[in-house]
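Secondary and tertiary structure notes
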Amino acid sequence: MEKLISKLTEKHFLFTASFVIRLALVAYGDYQDRTMAVKYTDIDYHVFTDAARFITEGESPYNRSTYRYTPLLAWLLTPNIYLNMVFGKILFIVCDVLSGLLIYKVLCLRGLRAETARCVSSLWLLNPLPMGVSSRGNAESILAALVLGTLLCMERRAQRLTWAALLYGLSVHMKIYPVTYALPIALTLRTAEIRVDEAKKVSRFKKLVGFFVGFFNQDLLLFASVAGGVFFTLTALFYYMYGWQFLYETYLYHLTRRDIRHNFSPYFYMLYLTAESTWSHRLGLAAFLPQFALLLVTSWMYYKDLAFCCFLHTAIFVTFNKVCTSQYFLWYLCLLPLVIPNLSLTVKQGLGLLLLWFAGQAIWLGPAYFLEFEGYNTFLWIWLAGLLFQVVNCFILIQIVTHYKPTKTPLRLKAE
Amino acid sequence: HSLKNKCTLFKFKKLLPDQCNLLICADEIQNHCDLLRQWLAPSSVRVELNKKGFHREVTTTVEFRSKELSSVKVLLIHRWPRDVYVDPYQLASLSDQNNWKILLDSAIDLEVPAHKASGFVTYVYPFSTGPTSKLFKVTIPIHGRYHKPSFDGKMLKSVDIEVPELLLRSEKCAQLSSLEPHTVVDAPCTASNSSTCSWVKVKPQQDLNPVSFQLPVGDGSLVAHVCGGTLLVTMICCVALSKYMWKHQVI
């Protein structure tokens with residue numbers, strides 16, 4: 001068994017095999033689209049392609065309704081129109097395999113042996129979920145690669161800080177949620193307080209001042225200016241090209257999104273029932289506060305282990321968000337392999353948690369199917385299943401947090 | 001037969017419809033208008049609803065009495081309520097499999113709830129499947145919108161789909177006034193909407209009731225329980241998670 005695992009995870013074999021399997025899925029998807037009524041390709045892929053077509057005709061990609069992404073994505077996919085419609089899918093699976101490679105590199109930098117690192121990376125590379133998502137034409141893998149690239153460069157921030165800032169700025173431009181990493185990154189890059197033996201002698205005021213002054217160091221200012229520069233340049237460029245609609249569809253829509261249609265979020269039914277009432281805004285704020293508070297707490301507690309902190313950030317963001325669809329899960333699943341080597345859970349416990357997670361989704365999908373495709377009024381069941389799913393997610397996160405053992409990497413040991 | 005006396009010829013054709021083709025008519029237009037008149041003879045329009053839930057299919061079947069098809073164009077006008085919508089992108093992807101073309105009268109917002117949406121009109125141009133077929137079948141996929149929650153305990157909301165209007169025109173018959181008492185209506189000539197033509201509206205055989213189906217709606221009377229329950233569970237999860245993170249923080 002061990003020989004089989006080591007053979008399967010041999011470097012060249014692993015990456016080649018994972019790419020070939022994804023390619024085969026893309027080919028199969030093309031076949032299914034042409035021959036069967038139920039299509040393999042996701043509707044989002046058609047949205048991207050239509051938007052790219054508008055760009056090739058010199059128009060705004062936002063002429064395609066429900067296109068709610070950066071114009072950069074439509075620009076990237078213009079070869080869909082000029083060359084072949086499968087180009088986008090190839091790009092996504094390449095980014096997917098690249099994400100696997102970045103996971104491997106980060107794990108090596110965090111002190112794992114190469115074979116163990118490859119074994120853990122195979123949890124992403126040979127995982128049917130990201131395979132399916134990328135081959136169906138969802139663009140999540142581009143963002144996964146950007147976030148993992150940022151984390152990799154941050155692990156080697158002595159040499160690669162500018163690159164980290166560049167990739168971070170680009171990832172925030174593509175999707176808003178990485179903006180939550182700004183606080184842990186800032187906490188990592190600032191000059192930490194100098195520990196004094198007799199802490200009592202230093203006044204509280206001085207400590208507070210020292211804390212804030214620590215944020216104004218060279219590294220953090222460089223990071224902020226490069227990341228901010230990339231983000232604002234791209235925003236200004238696309239605002240100049242496409243106007244207010246770009247700002248609204250790419251950012252404001254997601255920030256103010258109140259999808260009253262059924263989704264995994266525990267807030268869905270509450271927001272649906274109060275959509276027209278005067279309480280709507282106050283309840284929206286009430287839903288935002290726990291999310292915000294938890295993100296602050298997570299940043300402060302875990303910034304020293306940036307990969308784990310980012311994983312918790314995204315998992316909490318998605319679990320406590322007002323809208324949650326299965327696409328969002330990939331945002332933190334791509335960071336899970338970075339966390340797994342440090343977990344003291346047994347394989348049995350890990351698989352148990354995974355099954356629990358899937359069971360939570362299945363319990364939601366049941367009444368949701370009956371609502372949408374059979375016409376039964378299962379709103380109350382969907383609401384309860386949403387609450388249950390949130391409890392399951394929190395339970396899993398608590399298990400991860402209580403069984404996490406941070407490692408001391410060579411880089412950190414040098415600094416200390 | 002005197003070819004100059006068109007009126008006489010016309011009366012002859014009315015009495016002997018099957019021998020129409022045997023008569024040599026100088027006035028081609030009159031011939032085509034007669035053809036059109038035959039088509040206006042009572043024909044049946046049937047509407048069926050298929051599938052369940054929020055995604056349905058509305059199948060309109062039109063059956064004509066007359067057999068001669070070639071130059072007559074058919075148009076079905078559906079007037080949809082605000083409770084449903086069609087997905088123009090879905091229709092575009094189905095267009096190569098269908099034997100009909102569709103035109104929408106306005107842009108459709110796919111996500112807005114029913115009380116913020118408005119009704120719309122579709123123009124469907126079916127083309128015949130064969131030279132002797134007198135049956136047209138058009139299946140349009142529609143999707144239900146979310147409705148405002150109900151406060152009177154009703155779990156379902158009724159949606160009515162009216163029977164479409166059936167319109168005809170012949171390219172070679174311009175004298176539509178001769179086809180009175182049928183009403184003449186202006187509508188786009190084809191699905192490409194490049195021009196407007198005059199169409200003749202076919203009177204339905206009998207007054208047909210609209211087809212209806214039901215969509216689930218949220219229960220507004222539970223709003224306090226739902227809000228309270230949601231915020232309670234979320235708060236408990238938030239506090240629990242914070243507590244464990246505090247206990248196991250990475251120093």
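Residues numbered from 1 in each chain as written. Chains lettered and ligands numbered in written order. Predicted model: local features only at pLDDT ≥ 70, side-chain atom pairs only at ≥ 80, totals over all residues. Heavy atoms only, no water.

Labelled according to an unreviewed UniProt entry, chain B appears under the name Phosphatidylinositol-glycan biosynthesis class X protein, originating from Astatotilapia calliptera. One UniProt comment on chain B, placed under Subcellular location (unreviewed entry), says "Endoplasmic reticulum membrane". (UniProt positions renumbered as here; feature names shortened; annotations may be inferred.)

The name given to chain A in an unreviewed UniProt entry is GPI alpha-1,4-mannosyltransferase I, catalytic subunit, with the source organism recorded as Astatotilapia calliptera. Annotation of chain A in UniProt includes, under Sequence similarities (unreviewed entry), the sentence "Belongs to the PIGM family." According to the UniProt record, the Pathway (unreviewed entry) comment for chain A is "Glycolipid biosynthesis; glycosylphosphatidylinositol-anchor biosynthesis."

**Details of the overall build of chain A**
Helices and strands together make up the secondary structure of chain A, namely 22 helices and 0 strands. Computed over C-alpha atoms, the radius of gyration of chain A comes to 23 Å, within 12% of the 22 Å expected from 2.2 N^0.38 for 416 residues, which places it in the range of a compact globule. Taken along its principal axes, the extent of the C-alpha atoms in chain A is 75 × 65 × 50 Å. Residues counted as buried form 53% of the 416 residues belonging to chain A. Residue pairs in contact within chain A that sit at least 24 positions apart in sequence constitute 72% of those at least 6 positions apart. Accessible surface for chain A amounts to roughly 20000 Å². Of this, 69% is attributable to carbon and sulfur atoms. Of the charged side chains in chain A, 37 are positive and 24 negative, and the gap between their average positions amounts to 9 Å. (Helix = DSSP H or I, 4+ residues; strand = E, 2+ residues; numbered from the N terminus. Rg over C-alpha atoms; globule rule 2.2 N^0.38 Å. Buried < 20%, exposed > 50% of the residue type's maximum accessible area, 1.4 Å probe, protein only. Contact = heavy atoms within 4.5 Å. Areas by Shrake-Rupley, 256 points an atom, 1.4 Å probe, with all protein chains shown as cover. Lys, Arg positive; Asp, Glu negative; His and termini not counted. Charge placed at Lys NZ, Arg CZ, Asp CG, Glu CD.)

**Observations concerning the state of the cysteines**
Here, the word disulfide means a covalent bond between the sulfur atoms of two cysteines. All chains considered together, the criterion is met by 1 disulfide over all chains. Here Cys 189 of chain B is linked by a disulfide to Cys 197 of chain B, with a sulfur-sulfur distance of 1.9 Å. Taking the sign of the S-S torsion, 100 degrees for the link of Cys 189 of chain B and Cys 197 of chain B, the bridge is right-handed. Side by side, Cys 189 of chain B and Cys 197 of chain B carry an identical accessibility label, which is buried. No disulfide involves Cys 334 of chain A; its nearest neighbouring cysteine sulfur is the one of Cys 310 of chain A, lying 10 Å away. (Disulfide = S-S within 2.5 Å.)

**Describing the sheet that holds strand E2 (residues 55-63) of chain B**
Residue and element names in this part refer to chain B. Overall, antiparallel pairing links the 4 strands, which are arranged E1-E2-E7-E4 in an open sheet. Each edge of the open sheet carries a strand with a single partner, namely strand E1 (44-50) and strand E4 (84-85). Relative to strand E7 (residues 135-144), E2 is paired through 9 bridges, and the arrangement is antiparallel. Opposite Thr 61, over in E7, you have Lys 137 as the bridge partner. (Pairing = 2+ DSSP bridges.)

**Describing unusual backbone geometry**
With a phi angle near 70 degrees, Thr 66 of chain A is a residue other than glycine that sits in the positive phi range. Within the element layout of this structure, Thr 66 of chain A appears in the loop between helix H3 (43-56) and helix H4 (71-76). Residue Thr 66 of chain A is classed as partly exposed on the basis of its relative accessible area, which comes to 24%. We note that Lys 51 of chain B has phi near 70 degrees; this positive angle belongs to a residue other than glycine. The residue Lys 51 of chain B is located in the loop between E1 and E2 in this model. Among the residues examined, Lys 51 of chain B registers a relative accessible area of 52% and is labelled exposed.

**A word on the nonpolar core**
Soluble globular proteins tend to bury their nonpolar side chains together. The biggest cluster of nonpolar side chains holds 168 residues, and the ones touching the most others in it are Leu 73, Phe 223 and Leu 335 of chain A. Ranked by the residues each element gives to this core, the list is headed by helix H21 (residues 379-402) of chain A, at 13 residues. Here this core spans two domains, and each of domain 1 (140-241) and domain 2 (257-408) of chain A adds at least three residues to it. Filtering out sequence-adjacent residues up to four positions away, Leu 73 of chain A remains in contact with Phe 48, Tyr 67, Phe 92, Ala 139, Ile 142 and Met 174 of chain A. By size, the runner-up hydrophobic cluster in this structure holds 12 residues, among which are Ile 77, Leu 167, Cys 197 and Trp 199 of chain B. (Core = buried A, V, L, I, M, F, W, Y, C linked by side-chain atoms within 4.5 Å. Domains from an automatic or database assignment.)

**A closer look at the UniProt feature "transmembrane region" (unreviewed entry) in chain B**
UniProt records the feature "transmembrane region" (unreviewed entry) for residues 222-246 of chain B in the present numbering. The span residues 222-246 of chain B is 96% helix and 0% strand, and its two end C-alpha atoms sit 36 Å from each other.

**Observations concerning the interface of chain B and chain A**
Facing 44 residues of chain B, the contacting portion of chain A comprises 52 residues. Taken over both partners, the interface formed by chain B and chain A buries close to 4300 Å², and the fraction arising from carbon and sulfur atoms is 72%. Sorting the residues of chain B by area buried against chain A places Tyr 146, Met 245 and Val 250 of chain B first, and these three jointly supply 18% of that buried surface. Residue Glu 111 of chain B is joined to Arg 261 of chain A by a salt bridge in which the shortest nitrogen-to-oxygen separation is 3.8 Å. Applying the counting rule to chain B against chain A returns 15 residue pairs in polar contact (both at pLDDT 80 or more). The element that contributes the greatest number of residues to the side of chain B that touches chain A is helix H4 (residues 223-247) of chain B, accounting for 18 residues. Residues belonging to the side of chain B that touches chain A are distributed by class as follows: 26 nonpolar, 13 polar and 5 charged. (Buried area = accessible area lost by both parts, 1.4 Å probe. Salt bridge = Lys/Arg side-chain N within 4 Å of Asp/Glu carboxyl O. Polar contact = N/O pair within 3.5 Å; in protein donor to acceptor, adjacent residues only side chain to side chain. Nonpolar A, V, L, I, M, F, W, Y, C, P; charged D, E, K, R; others polar.)

**What to know about a nonpolar patch on the surface**
Residue and element names in this part refer to chain A. Together, Leu 183, Leu 285, Phe 288, Leu 289, Phe 292 and Leu 296 make up an exposed nonpolar region whose accessible area comes to about 530 Å². Here the nonpolar patch gets 5 residues from one element, more than from any other, and that element is helix H16 (residues 280-302). Mapped onto the fold, Leu 296 is located in helix H16. (Patch = residues over 30% accessible without salt bridge, like charges linked within 9 Å, V, L, I, M, F, W, Y side chains within 5 Å.)

**Observations concerning the UniProt feature "transmembrane region" (unreviewed entry) in chain A**
All names here are of chain A. As annotated in UniProt, the feature "transmembrane region" (unreviewed entry) corresponds to residues 12-29, 81-104, 220-242, 305-323, 329-347, 354-373 and 379-404 in the numbering used here. Helix makes up 74% of residues 305-323 and strand 0%, and the two end C-alpha atoms of the span are 28 Å apart. Here residues 379-404 runs as 92% helix and 0% strand, with 37 Å between its end C-alpha atoms.

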